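Spelled out from the first residue to the last, the chains are:
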There are 2 protein chains.
Amino acid sequence: MLFRSRVAESALLKPQGIPVTEQELIRQISEQVVRRLGCHYGPATSARNGIPIGVSVRHCHLSPQNVETLFGAGHELHVRNWLYQTGQFAAQETVTVVGPKGALYNVRVLGPTRSAPQVEVSRTDAIALGVMPPIRQSVADGDGERIVLVGPAGVVDAPNALIRAKRHIHTHPEGAAEVGAKDGDLIDVRLEGGNQLTLNEVLIRVNPDFVPEMHLDTDEGNAADLICGDKAYVIA
Amino acid sequence: MLFRSRVAESALLKPQGIPVTEQELIRQISEQVVRRLGCHYGPATSARNGIPIGVSVRHCHLSPQNVETLFGAGHELHVRNWLYQTGQFAAQETVTVVGPKGALYNVRVLGPTRSAPQVEVSRTDAIALGVMPPIRQSVADGDGERIVLVGPAGVVDAPNALIRAKRHIHTHPEGAAEVGAKDGDLIDVRLEGGNQLTLNEVLIRVNPDFVPEMHLDTDEGNAADLICGDKAYVIA
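About the criteria used
Residues numbered from 1 in each chain as written. Chains lettered and ligands numbered in written order. Predicted model: local features only at pLDDT ≥ 70, side-chain atom pairs only at ≥ 80, totals over all residues. Heavy atoms only, no water. Helix = DSSP H or I, 4+ residues; strand = E, 2+ residues; numbered from the N terminus. Buried < 20%, exposed > 50% of the residue type's maximum accessible area, 1.4 Å probe, protein only. Contact = heavy atoms within 4.5 Å. Areas by Shrake-Rupley, 256 points an atom, 1.4 Å probe, with all protein chains shown as cover. Salt bridge = Lys/Arg side-chain N within 4 Å of Asp/Glu carboxyl O. Core = buried A, V, L, I, M, F, W, Y, C linked by side-chain atoms within 4.5 Å.

A.B. asks: In this structure, what is going on with the overall build of chain A? I would like to understand it.
C.D. replies: Counting its regular elements, chain A contains six helices and 14 strands. Considering chain A as a whole, with its 236 residues, one finds that 46% of them fall into the buried category. Of all intrachain contacts in chain A linking residues separated by at least 6 positions in sequence, the fraction that spans at least 24 positions is 64%. Entry remark: accessible area of chain A is about 12,000 Å², with carbon and sulfur atoms responsible for 56%.

Below, the structure is given as structure tokens:
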């Protein structure tokens, strides 16, 4: 990094053409734009020609009060990188997630904040924590497991925040119509990946603000041997 | 445990009927017999009415020489419990599996010994180890990844022993015939489990000595949210 900025200074002195370091700057900006647009998924897609797959590593959502408890009074989440769904981001902040048998470190906080905390783990993670939460769309059902979050400034003992996220597809109404599905439907989806796999009874969530994307957890992603750019295909 | 043996002694003094502690003894023996027969899978099955699923946690196979290197000269594996496939067993011995980024502890050795070492992990394990081995039926192809095994008496630096096991179904010829498959075929299999899932292109391995059983790794088992006794159904 130090080396790069020293090169950059000297390059700015050169008068003619685009200096190598500016080309590097352009490359880096392009890369960031591409990443923020989610274009590691490749060009724009529709449900019919493949839905981008987002593998969700364990993460947590927090309330504004949780953020203050864990990171200090007046603290607000800092954007680390934008996610594919509009307005959603991975925060710079991480927490330690503590269960009765083990802990998971550096668990990413996602933003923006919500009304209640929600910690989403895979079954493999749950085994390491020593607690088996139900598979749920969200903690709204109220039957998540108790989990403890530890941050640099405090601790949150959340009575029902731990769930395993139910795999689902986000899409706008046009995307749903394209595959003959509506909000709440359960459909079968074949995954592209090194280990051929079909997910049955995948929940469709339709909202005009949604960008078509399938959300899986790491167990599902690893079972399918997915790599970046692999897509999901609706088959029923 | 201490409490139980004290009760046992006093119960043996009682002359009439079957003492409670002998009933407990009967219960424990039955449970062990059932477990050794693999009957946690439930009653005898055929390919058509459901194939028992065996989820393979990370494990390793060793050569006789590996066993001596890791556990001491003249050492032989000790049976801890018999597996579902005839003659196969989980040994009392465990090793530490060391990759470039992390290690897995207490990894079970399976017996009997083979001609060459073979370490089988899930993709989640592989990420923890920091090395991504290919998905293979066995190391016979020779392109597994290098892995280091550490035992109480020595170390084995195995150049190509690490693989991710390709999911497969063991069956005898009658079981294969029942679903119209033959050795080497790739078929689709729907898994019973909390998270509905179909595995495509599952390899069929036919041998008169095989008992019908599907072998998955922990990523696949966890993705399907399998519990003990869940079965697989051939659908194509």
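A.B. asks: It is not clear to me how the pattern of salt bridges should be interpreted in this structure. Could you clarify?
C.D. replies: Should the charged atoms of two oppositely charged side chains come close, the side chains can pair. In this structure the tally under the stated criterion is 15 salt bridges over all chains. For D143 of chain B, the salt bridge identified is with R136 of chain B, shortest N-O distance 2.6 Å. The class of D143 of chain B is partly exposed, set by a relative accessible area of 33%. Look at R136 of chain B and you get partly exposed, because its relative accessible area is 25%. Between R167 of chain B and E220 of chain B there is a salt bridge; the shortest N-O distance is 3.2 Å. Of this pair, R167 of chain B sits in the loop between β9 (155-165) and β10 (168-171) while E220 of chain B is found in helix α6 (residues 218-223), placing the two residues 53 residues apart along the sequence. R167 of chain B sits in the buried class, given a relative accessible area of 1%. Accessibility expressed as a relative area gives 1% for E220 of chain B, which makes it buried. Each of R123 and R164 of chain A together with D225 of chain B takes part in salt bridges that share partners, so that together they form one network.

A.B. asks: Hey, could you run me through the nonpolar core in this one?
C.D. replies: Most often, soluble globular proteins keep nonpolar side chains buried together rather than apart. If you look at the biggest cluster of nonpolar residues, it comprises 34 residues, and the most contacted ones within it are L191 and M214 of chain A together with L191 and M214 of chain B. Looking at this core, the elements with two or more residues in it are β1 (51-56), β11 (186-191), β12 (197-206) and β13 (213-217) of chain A together with β1 (51-56), β11 (186-191), β12 (197-206) and β13 (213-217) of chain B. Beyond its immediate sequence surroundings of up to four residues, L191 of chain B is in contact with I53, Q196, L197, L199, M214, L216, A224, L226, K231 and A232 of chain B.

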